[in-house]
Amino acid sequence: MEQQLESLGLSHNEAKIYLFLLKKGESSTGPIIKETGISNSRVYESLNSLISKGLVTYVVQKDGKYFDA
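Residues numbered from 1 in each chain as written. Predicted model: local features only at pLDDT ≥ 70, side-chain atom pairs only at ≥ 80, totals over all residues. Heavy atoms only, no water.

What follows deals with the packing of helix α2 (residues 12-24) against helix α3 (residues 29-36). Where α2 meets α3, the axes come as close as 11 Å, and the angle between the chain directions of the two elements is 115 degrees. Seen from above, α2 lies across α3 with right-handed handedness. Across from Lys16, Ile17, Phe20, Leu21 and Lys24 in α2, the residues of α3 making contact are Pro31, Ile32, Glu35 and Thr36. Grouping the amino acids of the contact of α2 with α3 by side-chain chemistry returns 5 nonpolar, 1 polar and 3 charged. (Axes fitted to C-alpha atoms, helices over the stretch in contact; angles between N-to-C directions. Helix = DSSP H or I, 4+ residues; strand = E, 2+ residues; numbered from the N terminus. Left-handed = near helix turned anticlockwise from the far one by under 90°. Contact = heavy atoms within 4.5 Å. Nonpolar A, V, L, I, M, F, W, Y, C, P; charged D, E, K, R; others polar.)

Listed below in structure tokens is the structure:
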């Protein structure tokens, strides 16, 4: 599935994060970083890119941002 998403124009990290969010649902960055093994700065970069592509949204709660596919 990752390769299919990459063939549609997502980067490797974007594909991993997108699939993580589809599987786990709404998440803060902590679990994304921990489970995908992608570095903190790359996770934020990829999330911003996915948001700009319209594939990920977020809500701000009292304890931070939560992202969802």
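This next bit is on the packing of α3 against helix α4 (residues 40-52). At a closest axis distance of 10 Å, the pairing of α3 and α4 adopts a crossing angle of 115 degrees. For the pair α3 and α4, the crossing hand works out as right-handed. Of the residues in α4, those in contact with Thr29, Ile32 and Ile33 of α3 are Asn40, Val43, Tyr44 and Leu47. Taken together, the residues that form the contact of α3 with α4 break down as 5 nonpolar, 2 polar and no charged.

Attention now moves to the nonpolar core. With 14 residues, the main nonpolar core has Ile17, Leu21, Ile32, Val43, Leu47, Leu50 and Val56 as its most contacted residues. Among residues more than four places away in sequence, those in contact with leucine 47 are Ile17, Leu21, Thr29, Ile32, Val56 and Phe67. (Core = buried A, V, L, I, M, F, W, Y, C linked by side-chain atoms within 4.5 Å. Buried < 20%, exposed > 50% of the residue type's maximum accessible area, 1.4 Å probe, protein only.)

Moving on: the side chain of serine 46. Mapped onto the fold, serine 46 is located in helix α4. Ignoring sequence-local partners within four residues, the contact set of serine 46 consists of Asn13, Glu14 and Ile17.

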